[in-house]
Amino acid sequence: MKAFFNENYKRFWSVTRGLISPEAFVNIILRVVLVKEELTKRNKDYVDKHELYQIMNEVCWEMGSFPGSIEDFYRIFTAAEELVKNKEDLISVIQNDAMNMVVEPALEQIFINNIERSVAKSVLIFNIEGFSANLLEAVKRHPEIKFSFMMNNLYKHDCYRLLKEIYKEFHNVNFIEQDLYSLSYYNTEKYDLIIAIPRFGTVSNNDLKDLFIANSWDLVAAEQLLKSLNDKGILKVILTPKILFSGGRDSRFRKYLLEKYKLLEIADLPAGLFNKITMVKTVLITLTTGSSDKIQVKKYISDKPLARKTECTVLDIAEEKTASIGDLKSEDSWNISLLTESDDEVAKYKKSGLSMVNLKEIADVFRGKATSKLSAGKKVGVINIADIVDNEIDYEKVSFIDDEQQKIVKYLLEDGDILISSRGTTIKVAMFEAQERQYIPAVNLNAIRLHNDAKSQIKSEYLKIFFASSIGQKLLSSLQRGEVVMNINAKDLYSLNIPLLPLQEQQAIIDKYNKEFKRYKETIKQISDRWNSVKKDINHILITKRE
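Residues numbered from 1 in each chain as written. Predicted model: local features only at pLDDT ≥ 70, side-chain atom pairs only at ≥ 80, totals over all residues. Heavy atoms only, no water.

Asks: Could you give an account of the overall build of the protein chain, with specific residues and numbers?
Replies: Helix and strand counts for the protein chain come out as 20 helices and 22 strands. Principal axes of the C-alpha set define a box for the protein chain whose edges measure 95 × 75 × 55 Å. Within the protein chain, the proportion of its 547 residues that are buried is 50%. Once local pairs closer than 6 in sequence are excluded, the contacts in the protein chain between residues at least 24 apart make up 72%. Of the roughly 27400 Å² that the protein chain leaves accessible, carbon and sulfur atoms contribute 50%. If you average the places of the 78 positive and of the 77 negative side-chain charges in the protein chain, the two averages end up 3 Å apart. (Helix = DSSP H or I, 4+ residues; strand = E, 2+ residues; numbered from the N terminus. Buried < 20%, exposed > 50% of the residue type's maximum accessible area, 1.4 Å probe, protein only. Contact = heavy atoms within 4.5 Å. Areas by Shrake-Rupley, 256 points an atom, 1.4 Å probe, with all protein chains shown as cover. Lys, Arg positive; Asp, Glu negative; His and termini not counted. Charge placed at Lys NZ, Arg CZ, Asp CG, Glu CD.)

Given below as structure tokens:
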């Protein structure tokens, strides 16, 4: 049916080219729906373009003036007749509206299965504008369930009105016309099951920031909706990866959830599942009232890479484990990649019994600076990912800029700072050593700087070696918010725990590493020289003239 909608969609735009903008699409379709409904009430199969325009003005007066002539509306009305014949196409019109959070078919089916397999008698769905006609069919199949719908983007009044038109024949459907993100939100209703896909991003409203524990839209929505659960009610909410390991207010929100509610499940979703909005990974969190000792941890994968405009039709469970709530509390993070990690090396590391220290207790982390090629010069070196080879900075390769001192001062690197790539396809690690000139990290690098008082218990070079190790690389990989292209947020590094060995053992590791690394480089050079010599000899034989 989607292909049918696409054909009608294309035909509509080919006929109405130049008459309306894509932004006005839902508004225009709503006008056509309301006019057709009025014609049915009046038992009129046909009216001329003048009467049609008059009826449109009568039934759509609240929507403002129509941006066109009588002839324009007649042309649009005729072109849209096929498009508005069934509810599925009308729902697709809403889903195609810019910035609506579309729920991919595979995820939508998971939610519908949750509804149908539950014993819920009341269901609240937040972000109804993102669901397809499959949900409408589920509503048809379950007249015994009372459904309540809320929009993420309530300011899109035309979408809201069109949705009400689509569902108006269902007596078990109620629309809640309130803004969940506003200070005035108030809902005394309680629900057996709540399914929510909130908006992403940071809250800009200072009053809201003061009212809620966390300051991102998705966590604000979760905090609001949890209050609307019945006893033993369940909330299934899509959140950004910040909930897993970010510090500050996000960490406080994690603790709040563990103390006040029962965490049933954390599911890792593939990057690009909401590719209309973002390409980063998301997580599906399931909560209920009460408390628990165990939770289910899952990792979903798509049957195909999810690029821009790619539809996800299949989500398979790649990994599934049971985790301890105690582990989550002790780690101060919900790192799914580590919780589901089946690697023997990681499992042994978790059970090693090593003394650990959290990175946020011993270091500051900052992201590198974005620079322009127009700033090229000779004053300040800008270290990029490409300048790091074999865990060392190749200072000969570093490019320089002439940026103003006040613009770079907070980015200037100090001796012993650790650099970790934040983007790209591989994770690179290096330690900065003081140079004659000034250097800063590029925006694609995160920098870790040990606190002065921490240097008596941990060495910078040991920290570099740890992050460059197999275990360290896996810990860093677990923080990725992307899949194909790496994306590690600077603040997420604070969630990592570092094995705190005695200084003597740290120095022994450093000495052994440096000794063997020096031998490795010498061996590679010898092999490279020999190989180049062989190639040169062969070339000489081939070009030497025979007598």
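Asks: Explain the side chain of Thr-16 residue by residue, including any values.
Replies: For Thr-16, the location among the structural elements is in the loop between helix 1 (2-15) and helix 2 (25-41). Of the polar contacts made by the side chain of Thr-16, one reaches the backbone oxygen of Phe-12; its length is 2.7 Å. Those residues within four positions of Thr-16 in sequence are excluded, and the remaining contacts are Arg-75, Ile-76 and Ala-79. (Polar contact = N/O pair within 3.5 Å; in protein donor to acceptor, adjacent residues only side chain to side chain.)

Asks: Tell me what's going on with the packing of helix 2 against helix 8 (residues 157-167), and back it up with residues and numbers.
Replies: Close contact between helix 2 and helix 8 brings their axes to 9 Å; oriented N to C, the two are set at 35 degrees. Seen from above, helix 2 lies across helix 8 with left-handed handedness. Where helix 2 approaches helix 8, its residues Val-26, Asn-27, Ile-29, Leu-30, Val-33, Leu-34 and Glu-37 are matched on the opposing element by Asp-158, Cys-159, Arg-161, Leu-162 and Glu-165. Here the residues of the contact of helix 2 with helix 8 are counted per class, giving seven nonpolar, one polar and four charged. (Axes fitted to C-alpha atoms, helices over the stretch in contact; angles between N-to-C directions. Left-handed = near helix turned anticlockwise from the far one by under 90°. Nonpolar A, V, L, I, M, F, W, Y, C, P; charged D, E, K, R; others polar.)

Asks: Break down the state of the cysteines for me, citing the residues and quoting the values.
Replies: Inspection of the entire model under this criterion finds zero disulfides. A disulfide-free cysteine, Cys-60 has its sulfur positioned 15 Å from the sulfur of Cys-159, the nearest such atom. (Disulfide = S-S within 2.5 Å.)

Asks: Let's hear about the sheet that holds strand 19 (residues 438-441): which residues, and what values?
Replies: Spatially, 15-12-19 is the arrangement adopted by the three strands of the open sheet, whose pairing is mixed. Because the sheet does not close on itself, it has two edges, and the strands there are strand 15 (399-401) and strand 19. Adjacent strand axes in the sheet meet at a mean angle of 55 degrees when their direction is disregarded. As judged from the four bridges shared by strand 12 (residues 376-383) and strand 15, these two strands associate in the antiparallel manner. The residue of strand 15 that forms the bridge with Val-380 is Ile-401. (Pairing = 2+ DSSP bridges.)

Asks: I'd love a proper account of the pattern of salt bridges, names of residues and values included.
Replies: Side chains that differ in charge, positive against negative, can pair when their charged atoms come close. If you walk through the whole model with that rule in mind, you get 21 salt bridges. Among the salt bridges present, the one from Glu-58 reaches Arg-42, with a minimum N-O distance of 2.8 Å. With Glu-58 in helix 3 (residues 49-59) and Arg-42 in the loop between helix 2 and helix 3, this residue pair connects regions lying 16 residues apart in the sequence. Assessed through its relative accessible area of 38%, Glu-58 is described here as partly exposed. Owing to a relative accessible area of 32%, Arg-42 belongs among the partly exposed residues under this scheme. When the shortest N-O distance is used, the salt bridge between Lys-168 and Glu-165 registers 3.1 Å. One network of salt bridges, in which partners are shared, links Glu-37, Glu-165 and Lys-168. (Salt bridge = Lys/Arg side-chain N within 4 Å of Asp/Glu carboxyl O.)

Asks: Give a description of the sheet that holds strand 16 (residues 418-421) that names residues and reports values.
Replies: Taken in spatial order, the four strands of this open sheet run 11-20-16-18, and their pairing is antiparallel. Looking at which strands have only one partner, the edges of the open sheet turn out to be strand 11 (363-367) and strand 18 (429-431). Going from strand to strand, the sheet's axes swing by 20 degrees on average, the running direction of each strand aside. Here strand 11 runs beside strand 20 (residues 445-450); their pairing, made up of five bridges, is antiparallel. Residue Phe-366 lies in a different strand from strand 20, and its bridge partner there is Ala-447. Strands strand 16, strand 18 and strand 20 of the sheet are contacted by helix 18 (residues 460-468), whose axis makes an angle of about 170 degrees with strand 18.

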